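Next come the chains, spelled out residue by residue.
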Amino acid sequence: MLTWPAMAVLFVFAIFPLLIMFVDSFKSDSGAAGIVFTNYARFFSKSTYLKLTGRTVFNSVLVTVISLLISYPLAYIMAKKLKGMKNIIMVLIIIPFFTNQLVRVYSWLIFLQDGGILQSILNSVGLVHGSLGILYTKAAVIIGLVHAFFPYMVITIYMALERMDNSLIEASTCLGASTFTTFRKVIFPISMPGVISGIMIVFVPCLGTFVEPRILGGVNGTVIGTVIEDQFFEIYGWNFGAAIAFILLAMVLLSMAAISKWGKRYEE
Amino acid sequence: MSTVVLKGLVKKYGQNTVVKGIDLTAEDGKLVSILGPSGCGKTTTLRMIAGFEKTDGGEVYFDDKPMGKVPVNKRNIGMVFQSYALFPHMTVFDNIAYGLCQRKIKPDEINKRVEEIMKLVHMEEYSKRKPKELSGGQQQRVALARALVIKPDVLLLDECLSALDKKLRVEMQVELRRILEETGVTTFFVTHDQEEAMTLSDKIVVMNNGAIEQVGTPYEVYEKPNSRFVAGFLGKANFFEGKVTNVNSDEKYVVLENEKGTVAIPAEKAKIGENALYAVRPEKMRISKEPKTGALKGTIEHITYSGNISTCNINCGGESILCEVTNDMISERPQRGDKVFVTWDSASSVKIEV
Ligand SMILES: Nc1ncnc2c1ncn2[C@@H]1O[C@H](COP(=O)(O)OP(=O)(O)O)[C@@H](O)[C@H]1O
Ligand SMILES: [Mg+2]
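Residues numbered from 1 in each chain as written. Chains lettered and ligands numbered in written order. Predicted model: local features only at pLDDT ≥ 70, side-chain atom pairs only at ≥ 80, totals over all residues. Heavy atoms only, no water.

Chemist: Can you break down the pattern of salt bridges residue by residue, with the values?
Modeler: All names here are of chain A. Applying the stated criterion across every chain yields a total of 27 salt bridges over all chains. One salt bridge in this structure joins E162 and K86, with 3.6 Å as the shortest N-O distance. Residue E162 is found in helix α7 (residues 138–163), and its partner K86 is found in helix α4 (residues 86–98); the two are separated by 76 residues along the sequence. Residue K86 is classed as buried on the basis of its relative accessible area of 16%. For R214, the salt bridge is made with E229, and the minimal N-O distance between the two is 2.4 Å. Of this pair, R214 sits in helix α10 (residues 211–217) while E229 sits in helix α11 (residues 224–233), and the two are 15 residues apart along the sequence. Judged by its relative accessible area of 19%, E229 is buried. (Salt bridge = Lys/Arg side-chain N within 4 Å of Asp/Glu carboxyl O. Helix = DSSP H or I, 4+ residues; strand = E, 2+ residues; numbered from the N terminus. Buried < 20%, exposed > 50% of the residue type's maximum accessible area, 1.4 Å probe, protein only.)

Structure below.
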């Protein structure tokens with residue numbers, strides 16, 4: 001009963017605009033009538049766009065991997081080693097969640113820019129002389145994105161580890177396994193569903209971001225997300241923009257399907 | 001397999017001493033139950049034997065070898081956890097093989113030993129299943145097999161049957177007894193269930209409040225409790241306490257005087273003038289409608305019928321007595337309000353030092 005109003009709302013606010021966009025993506029930007037495939041053809045025929053796609057995927061993979069390397073140990077320490085400090089650290093990690101995206105990104109801008117805080121610190125300890133030149137590079141984009149997304153991963157992994165019965169670890173130890181073996185054979189595989197949700201929750205939105213790449217990456221930050229934004233707000237190539245947006249959506253859906261298929265193997 | 005000796009084991013959590021100097025020996029191949037109320041330190045003691053908890057005093061020995069500096073994974077211990085702690089992502093076979101894989105044993109040998117132990121616990125048909133596809137009792141068997149297959153020096157079981165329902169628990173007790181007899185492993189069995197401890201153990205250690213109250217065979221701790229706590233914790237007991245005012249060693253009764261009045265009970269070994277405490281098990285008592293010498297006269301205030309036995313609360317001039325009678329006759333069942341005479345052998349009155 002209640003599903004009908006819900007479906008109606010979903011249709012009006014989500015599906016319907018998407019449908020309009022979808023139709024738009026088959027219209028010509030030059031105003032020619034009828035259904036055309038030129039927008040899609042243009043994307044796939046130009047190596048620039050394919051390179052950008054590659055870069056977008058590469059960025060997302062890199063951000064996901066770095067997030068995993070940061071999140072797993074953090075989540076592990078919080079779930080299994082800490083007692084009292086746990087909540088404070090959790091709050092600290094979650095703060096980026098509640099910070100306005102622009103505030104967060106501009107803080108990084110101020111922090112990373114030449115003559116900024118990071119430079120003064122590195123200069124004063126003598127690690128770097130002169131300007132940093134890190135802002136408006138790919139590295140700056142990765143830093144910004146990792147900061148934006150890793151908390152999600154900390155939480156999914158933390159929940160998986162927290163749920164895990166500690167006596168499993170003790171059982172493994174009792175049976176003669178070293179700490180490392182216990183981690184490799186018991187803890188990590190059991191936390192795998194959390195790791196995979198974390199990967200999903202970081203990798204997928206990363207594909208579509210444009211704020212961090214634009215502000216922190218400048219000309220070096222161009223990714224699919226920024227191209228779409230440009231098409232809509234700078235160039236007014238709405239139809240081409242819509243086509244790229246649907247290509248991105250296809251990538252998103254494909255990677256979600258792939259990741260959840262992978263996750264199925266670890267489901268209990 | 002080893003003889004396990006605990007010498008003066010102490011454990012503190014902050015200011016709180018939860019294990020207060022435990023001395024205990026489990027001879028090679030014997031099953032020792034640690035029995036006591038919840039929170040008395042049973043799990044903590046077991047975890048010190050395993051090495052999960054550092055001791056704050058005393059030492060654990062396996063065959064005279066001090067274990068203090070030996071880490072858990074080098075102690076060669078089999079442990080069955082209350083939650084079973086089976087690895088959810090591994091099959092029954094892999095779970096059981098896990099400990100052997102840590103010991104650099106050849107694959108053929110591992111296969112052989114896992115199959116043997118699966119036969120022993122009657123789980124050979126389930127080797128490909130995941131733990132979640134097994135019933136509680138089956139998980140229990142796998143957990144046991146996993147602990148035993150490594151041929152541990154000592155097997156530690158922490159309330160491992162308490163998650164099962166009553167019928168299955170009784171079945172598993174029998175199974176456990178059989179399996180442990182076949183493997184002959186020295187075992188510590190932690191439980192708060194006195195019946196379970198009685199049926200399984202060679203030796204029962206009754207713990208209370210971090211210390212040992214009594215050590216003995218099931219028979220000894222039940223029939224000859226050395227404290228009010230042990231008598232009360234292992235089954236039910238009637239206590240008679242007071243100053244001894246008269247002793248009749250021919251007819252074997254003792255007269256006690258306390259704030260409720262005087263009472264003469266069948267008992268021995270008392271000296272006039274001392275304060276004495278006797279415990280009498282309810283099933284040792286007999287009731288009859290005819291007067292008997294040395295019997296306590298009373299009225300049945302309450303009666304609980306439970307099939308094979310009836311439990312009567314009898315008021316004998318201020319002393320409330322709990323008495324279990326077998327329902328051996330369909331007629332002549334005692335009724336509430338009946339005036340009865342309660343008696344028992346003087347030897348059934350266990351004198352407890354106070
Ligand atoms: N990690 C711990 N920190 C503080 N107190 C503990 C800890 N573990 C157990 N205790 C306390 O030690 C006492 C004995 O616990 P335990 O050995 O688990 O009892 P049992 O197994 O007999 O029920 C309890 O009072 C419990 O609260
Ligand atoms: Mg316990």
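Past the structure itself, the notes keep going.
Chemist: Give me the pairing of strand β12 (residues 253–258) of chain B: which residues, what numbers.
Modeler: Residues and elements named next belong to chain B. The pairing of strand β11 (residues 238–248) with β12 spans 5 bridges and is antiparallel. Within the sheet, the bridge partner assigned to V244 lies in β12 and is L256. Hairpin connection of β11 to β12: 4 residues between the antiparallel strands, including K252 at a positive phi of 55 degrees. In this structure, β12 lies alongside strand β13 (residues 261–266), joined through 6 bridges in antiparallel fashion. Looking at β13, one finds that E257 is bridged to T262. From the end of β12 to the start of β13, which pair antiparallel, there are 2 residues. (Pairing = 2+ DSSP bridges.)

Chemist: Summarise the sheet that holds strand β9 (residues 203–208) of chain B; cite the residues concerned and give the values.
Modeler: Either a parallel or an antiparallel arrangement is found when strands of a sheet pair, and the pairing is made through backbone hydrogen bonds. All names here are of chain B. If you walk across this open sheet you meet the 6 strands as β6-β7-β8-β3-β9-β10, and the pairing is mixed. Pairing within the sheet leaves two strands with one partner each, and these edge strands are β6 (77–80) and β10 (211–216). Sheet twist, expressed as the mean angle between neighbouring strand axes with direction ignored, is 20 degrees. Across 5 bridges, the pairing between β9 and β10 is antiparallel. Bridging from a neighbouring strand, M207 pairs with I212 of β10. Contacts between helix α1 (residues 42–50) and the sheet are confined to β3 (31–35), β6, β7 (154–158), β8 (186–191) and β9, with β7 contributing the most and set at about 155 degrees to the helix. (Axes fitted to C-alpha atoms, helices over the stretch in contact; angles between N-to-C directions. Contact = heavy atoms within 4.5 Å.)

Chemist: Please provide a residue-by-residue account of the site of ligand 1, values included.
Modeler: All names here are of chain B. In the vicinity of ligand 1, the residues found are Y13, V18, P37, S38, G39, C40, G41, K42, T43 and T44. Measuring from an oxygen atom of ligand 1, one finds a backbone N or O atom of G41 at 3.0 Å. Of the residues in the shell around ligand 1, the class split is 4 nonpolar, 5 polar and 1 charged. (Near = heavy atom within 4 Å. Polar contact = N/O pair within 3.5 Å; in protein donor to acceptor, adjacent residues only side chain to side chain. Nonpolar A, V, L, I, M, F, W, Y, C, P; charged D, E, K, R; others polar.)

Chemist: So what's going on with the packing of α4 of chain A against α7 of chain A? Which residues, and what values?
Modeler: Residues and elements named next belong to chain A. Look at α4 against α7: their axes get within 7 Å of each other, and the N-to-C directions meet at 145 degrees. In this structure, α4 meets α7 at a crossing whose hand is left-handed. Listed contacts from α7 to K86, M90, I93, I94, P96 and F97 of α4 are H147, F150, P151, Y152, V154, I155, Y158 and E162. Looking at the contact of α4 with α7, its residues break down into 11 nonpolar, 1 polar and 2 charged. (Left-handed = near helix turned anticlockwise from the far one by under 90°.)

Chemist: Run through the interface of chain A and chain B, naming residues and quoting values.
Modeler: Opposite the 19 residues of chain A that make contact, chain B presents 21 residues. Roughly 1700 Å² of surface becomes buried between chain A and chain B when both sides are summed, with 66% attributable to carbon and sulfur atoms. Linking chain A to chain B there are 1 salt bridge. The partner of R47 of chain B in a salt bridge is E170 of chain A, and the shortest N-O contact between them spans 2.7 Å. Counting only elements with at least two residues in the side of chain A that touches chain B, the list comes to α8 (166–174) and α9 (179–208) of chain A. Broken down by element, the side of chain A that touches chain B gets its largest block of residues, 7 residues, from α8 of chain A. Per-class residue counts for the side of chain A that touches chain B are 8 nonpolar, 7 polar and 4 charged. (Buried area = accessible area lost by both parts, 1.4 Å probe.)

Chemist: Talk me through the domain arrangement of chain B; I want residue IDs and the actual numbers.
Modeler: All names here are of chain B. Parsing chain B into structural domains produces domain 1 (4–233) and domain 2 (238–352). Distance between the C-alpha centres of domain 1 and domain 2: 39 Å. Each partner contributes residues to the interface: domain 1 has 11 residues there, and domain 2 has 9 residues. Interface of domain 1 and domain 2: buried area, both sides summed, is about 800 Å²; carbon and sulfur atoms make up 50% of it. Counting the contacts that link domain 1 with domain 2 gives 2 salt bridges. In this structure, the connection of domain 1 to domain 2 is made through 5 residue pairs in polar contact (both at pLDDT 80 or more). (Domains from an automatic or database assignment.)

Chemist: Tell me about the side chain of E212 of chain A, and please be specific about residues and values.
Modeler: All names here are of chain A. For E212, the location among the structural elements is in helix α10. Within polar-contact distance, the side chain of E212 engages the side chain of R104 at 3.0 Å. Beyond its immediate stretch of four places on either side in the chain, E212 contacts Q101, R104, V105, V141, G144, L145, A148 and G217.

Chemist: Break down the sheet that holds strand β14 (residues 275–280) of chain B for me, citing the residues and quoting the values.
Modeler: Residues and elements named next belong to chain B. Ordered in space as β13-β12-β11-β14-β20, the 5 strands form an open sheet in which the pairing is antiparallel. Unpaired on one side and paired on the other, β13 and β20 (350–352) mark the two borders of the sheet. Sheet twist, expressed as the average angle between the axes of neighbouring strands with direction ignored, equals 45 degrees. As paired elements, β14 and β20 share 3 bridges and run antiparallel to each other.

Chemist: Describe in detail the packing of aromatic side chains, supporting the description with residues and values.
Modeler: Taken as a whole and assessed by the stated rule, the structure comprises 18 aromatic pairs over all chains. Taking the centre distance of 6.1 Å and the plane angle of 85 degrees together, the rings of Y76 of chain A and F183 of chain A count as edge-to-face. Of this pair, Y76 of chain A sits in helix α3 (residues 47–81) while F183 of chain A sits in helix α9, and the two are 107 residues apart along the sequence. Here the aromatic residues F22, F26, F37, Y40 and F246 of chain A are joined through ring pairs into a cluster of three or more. Sitting above the plane of the F239 of chain B ring, R228 of chain B keeps its charged end 4.7 Å from the centroid. (Phe/Tyr/Trp six-rings, centres within 6.5 Å; stacked < 30°, edge-to-face > 60°. Lys NZ or Arg CZ within 6 Å of the ring centre and 35° of its normal.)

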